[in-house]
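# Structure assessment
These are the residues of each chain, in order.
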Amino acid sequence: MKNLVCPISDQRVNEQVTRINAMFAIGIIVLAFVLNSVFLFTFLMADFFIRAFTEIKFSPINFASHYLSHTLNLPIRMIDKAPKVFAARLGFLMTTVIAGLYIFSFKIASVVVAGILIFFASLEFLLAICVGCMIYTYLVLPFYKK
């Protein structure tokens, strides 16, 4: 794991908030399947889009995560924002695939992709392991090396 390379930026975010974001993503995905709700997939997709591709400070889930972190008085631990933006882009892509498969009645395939996303989010939430950094290191960075 020492050889992992993550995208770098000068912006910082609270790691506690990103971990709570992951918890909310897990809950929304599971709830979407339980309630048979395309709306929840769309909501999560829009939230990932806001975090990944806009300069808006708070997405709905990010706002709730900030509130919960503050309410629980969790310690602030600032980390680099770029890996979390990359992870949000992956989340957006995966949620888009999940929603598309679900809408077109490929339910099993959507559950498989959702399971992968839940696994990634669980690693972030429970262990603070950013799979986005692993994907960036092994699947993106080799295309940019000279």
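Heads up: the structure comes first, above all this text.
Residues numbered from 1 in each chain as written. Predicted model: local features only at pLDDT ≥ 70, side-chain atom pairs only at ≥ 80, totals over all residues. Heavy atoms only, no water.

### Describing the packing of helix α1 (residues 15-35) against helix α5 (residues 107-127)
The condition is simple: Helix axes use the C-alpha atoms of the stretch in contact, all axes being lines fitted to C-alpha atoms, and the angles between their N-to-C directions lie in the range 0 to 180 degrees. Helix and strand labels come from DSSP, where a helix needs a run of H or I of at least four residues and a strand needs a run of E of at least two; each type is numbered from the N terminus. Each angle gets one of four labels, with under 35 degrees taken as roughly parallel, over 145 as roughly antiparallel, 65 to 115 as roughly perpendicular, and the rest as oblique. Should the near helix be turned anticlockwise from the far one by less than a right angle, the crossing is termed left-handed; should it be turned clockwise, right-handed. The contact criterion used throughout is that any non-hydrogen atoms of two residues lie within 4.5 Å. Only Asp, Glu, Lys and Arg are considered charged in this grouping, and only Ala, Val, Leu, Ile, Met, Phe, Trp, Tyr, Cys and Pro are considered nonpolar; every other residue, Gly among them, is considered polar.
It is the contact of α1 with α5, at a shortest axis distance of 8 Å, that shows an interaxial angle of 155°. In terms of their interaxial angle, α1 and α5 are classed as roughly antiparallel. Handedness of the α1/α5 crossing: left-handed. Residues Thr18, Arg19, Ala22, Met23, Ile26, Ile29, Val30 and Phe33 of α1 touch α5, and the partners they reach there are Ser110, Val111, Ala114, Leu117, Ile118, Ala121, Ser122, Glu124, Phe125, Leu126 and Leu127. Residues that form the contact of α1 with α5 fall into these classes: 14 nonpolar, three polar and two charged.

### Quick notes on the side chain of Ser110
Looking at the element boundaries, Ser110 is found in helix α5. The contacts of Ser110, once residues within four sequence positions are left out, are Phe33, Ile98, Leu101 and Tyr102.

### Here we look at the packing of helix α4 (residues 82-103) against α5
Packing of α4 against α5 leaves a shortest axis separation of 8 Å and a crossing angle of 160°. It follows that α4 is roughly antiparallel to α5 by the angle criterion. Every pair of crossing elements has a handedness; the one defined by α4 and α5 is left-handed. Residue-level contacts link Lys84, Gly91, Met94, Thr95, Val97, Ile98, Leu101 and Tyr102 of α4 to Lys107, Ala109, Ser110, Val113, Ala114, Ile116, Leu117, Phe120 and Glu124 of α5.

### Points about the packing of aromatic side chains
Stated precisely, the cut-off is as follows: When the centres of two rings from Phe, Tyr and Trp lie within 6.5 Å, Trp using its six-membered ring, the rings pair. Their planes under 30 degrees apart give stacked, over 60 give edge-to-face, and anything left gives tilted. Think of it in three bands: with a 1.4 Å probe and only protein chains considered, a residue is buried below 20% of the maximum accessible area for its type, exposed above 50%, and partly exposed in between. By definition here, charges over rings are those cases where NZ of Lys or CZ of Arg is within 6 Å of the ring centre and within 35 degrees of the ring normal.
This model, assessed by the stated rule, comprises nine aromatic pairs. Pairing Phe33 with Phe41 gives two aromatic rings, centres 5.0 Å apart and planes at 75°, and the pair type is edge-to-face. Judged by its relative accessible area of 23%, Phe33 falls in the partly exposed class. With a relative accessible area of 1%, Phe41 lands in the buried category. On the numbers, 6.0 Å between centres and 85° between planes, the contact of Phe58 with Phe63 is edge-to-face. The exposure class of Phe58 is partly exposed, given its relative accessible area of 33%. Among the aromatic residues, those joined into a cluster by ring pairs are Phe33, Phe41 and Tyr102. We note Lys107 situated over the ring of Tyr102; from NZ or CZ to the ring centre the distance is 3.9 Å.

Functional significance is not addressed by these values, which are geometric in nature.
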